[in-house]
Amino acid sequence: MLKKEKAVVVFSGGQDSTTCLFWAIERFAEVEAVTFNYGQRHSLELECAAEIAKELGVKHHVLDMSLLNQLAPNALTRDDIAIEQKEGGLPTTFVDGRNLLFLSFAAVLAKGIGAKHIVTGVCETDFSGYPDCRDVFVKSLNVTLNLSMDYNFVIDTPLMWLNKAETWALADELGAFEFVRERTLTCYNGIKADGCGECPACKLRRKGLEDYVAERGARGAER
Ligand SMILES: [Zn+2]
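Residues numbered from 1 in each chain as written. Predicted model: local features only at pLDDT ≥ 70, side-chain atom pairs only at ≥ 80, totals over all residues.

The protein is annotated in an unreviewed UniProt entry as 7-cyano-7-deazaguanine synthase of Paenibacillus nanensis. You can read under Catalytic activity (unreviewed entry) in the UniProt record for the protein the words "7-carboxy-7-carbaguanine + NH4(+) + 2 ATP = 7-cyano-7-carbaguanine + 2 AMP + 2 diphosphate + 2 H(+)". (UniProt positions renumbered as here; feature names shortened; annotations may be inferred.)

Listed below in structure tokens is the structure:
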């Protein structure tokens, strides 16, 4: 039913957004990806995204969002600030309004190319305090975007209620488990695939992977 429609995937080259890209390719007639360049700690992130988009035959837009650096210099954009999380506080990777800005720019791009669907890998389950990853925010923004541009966008959030293990399960269902494991970059230290193993992003990714592999093994043994 959705096979006639066109979608734009907000794409970073990481595990979550790559899984979303596979999810969208399966559903929509046409898929394009948009990556935001905001002076990431590692330009490898952008290279990774470009490589994946090319390999999957997806048109790839890279938008310059370096102004984020001007607004909120922090650990995600500046490599001279360490990543840390104070108890009860947001991690230093947080940029206020980042998803608001990204999704708004993605929407302008989407309307311009005739796409109604905007796919994003935001997730409330592993909610680490980012207010603009919450479902209520996405729904509210969806209404705002529709009103602001007089257009019927649908923001799709396939990962919203999944935990990290379930995100691996989804990648596996989409036939993309190995691809996502080997080709994506999640690590804050800029190491592809299984990463450095030490940073918070690697720890979270590995925990999910181990849980999923254990669960899959248990299921296999039952058969
Ligand atoms: Zn790492």
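Now that the structure has been shown, the text picks up again.
Considerations on the overall build of the protein
From N to C terminus, the protein includes 8 helices and 5 strands. For the protein, the succession of helices and strands along the chain, N to C, is β-α-β-α-β-α-α-β-α-β-α-α-α. Per-residue burial over the protein gives 36% buried out of 223 residues. Sequence separation of at least 24 residues holds for 67% of the intrachain contacts in the protein that already meet a minimum separation of 6. (Helix = DSSP H or I, 4+ residues; strand = E, 2+ residues; numbered from the N terminus. Buried ≥ 20, exposed ≤ 12 C-beta atoms within 10 Å, placed from the backbone. Contact = placed C-beta atoms within 7 Å.)

Side note on the sheet that holds strand E4 (residues 117–119)
Taken in spatial order, the 5 strands line up as E3-E2-E1-E4-E5 in an open sheet, and their pairing is parallel. One side of each edge strand has no neighbouring strand; the edge strands of this open sheet are strand E3 (59–64) and strand E5 (154–156). With direction set aside, neighbouring strand axes in the sheet form an average angle of 25°. Bridge analysis of strand E1 (residues 6–10) against E4 gives 3 bridges, and the strand direction is parallel. By the bridge assignment, Ala7 is partnered in E4 with His117. The strands touched by helix H1 (residues 15–27) within the sheet are E1, strand E2 (30–37) and E4, with E1 carrying the most contacts at an inclination of about 175°. Sheet strands in contact with helix H4 (residues 98–112) are E1, E2, E3, E4 and E5, and its direction is about 150° off that of E1. (Pairing = 2+ DSSP bridges. Axes fitted to C-alpha atoms, helices over the stretch in contact; angles between N-to-C directions.)

Things to note about the UniProt feature "binding site: ATP" (unreviewed entry) in the protein
Those residues carrying the UniProt feature "binding site: ATP" (unreviewed entry) are Phe11, Ser12, Gly13, Gly14, Gln15, Asp16, Ser17, Thr18, Thr19, Cys20 and Leu21 in this numbering. With respect to the element layout, Gly13 can be found in the loop between E1 and H1. Under the C-beta neighbour-count criterion, Gly13 is labelled buried, with 25 such atoms within 10 Å. The contact partners of Gly13, leaving out residues within four places of it in the chain, are Thr18, Glu45, Cys48, Ala49, Ile52, Thr184 and Leu185. Looking at the secondary structure, you find Gln15 in helix H1. Judged by the 25 C-beta atoms lying within 10 Å of it, Gln15 is buried. Non-local contacts of Gln15, meaning those with residues more than four positions away in its chain, are made with Thr167, Val180, Thr184, Thr186 and Arg205.

Remarks on helix H6 (residues 164–173)
Taken together, the buried positions of H6 are occupied by Lys164, Thr167, Trp168, Leu170 and Ala171. Angular distribution of buried residues about the axis of H6 spans 155°; they occupy a single face of the element. In the stretch just after H6, Gly175 is the one whose phi turns positive, near 75°. (Arc of directions from axis to C-beta.)

A closer look at helix H5 (residues 135–149)
Counted at 1.5 Å a residue, the expected span for H5 with its 15 residues is 21 Å, and the 21 Å between its end C-alpha atoms agrees. Listing the buried residues of H5 in full gives Val138, Leu141 and Leu145. With its buried residues spanning 65° around the axis, H5 presents them on a single face. Exposed and oriented more than 90 degrees from the buried face of H5 are Val136, Lys139, Val143 and Leu147. Each element contacted by the buried residues of H5 is listed here: H4 and E5. (Expected span 1.5 Å × (residues − 1).)

Some remarks on the nonpolar core
Counting residues in each nonpolar core, the largest one holds 52 residues, and the members touching the most others are Val9, Val10, Ala24, Ala106 and Ile118. The residues touching Val10, leaving out its near neighbours within four places in the chain, are Ser17, Val34, Phe102, Leu103, Ala106, Ile118, Val119 and Thr120. (Core = buried A, V, L, I, M, F, W, Y, C linked by C-beta atoms within 7 Å.)

Let's talk about the pairing of E1
A regular strand places its side chains so that they alternate between the two faces of the sheet. Within E1, 4 of the 5 residues are buried, which leaves it mostly tucked inside the rest of the structure. In this structure, E1 lies alongside E2, joined through 5 bridges in parallel fashion. Counterpart to Val10 in the pairing with E2 is Val34. At this point the chain moves from E1, through H1, to the parallel E2, and the crossover so formed is right-handed. (Right-handed = clockwise from strand over helix to strand, strands pointing away.)

As for the environment of Leu162
Structurally, Leu162 can be placed in the loop between E5 and H6. Its 21 C-beta neighbours within 10 Å are what place Leu162 among the buried residues. Along the sequence, Leu162 and Thr125 sit 37 residues apart, while their C-alpha atoms lie 6.1 Å from each other.

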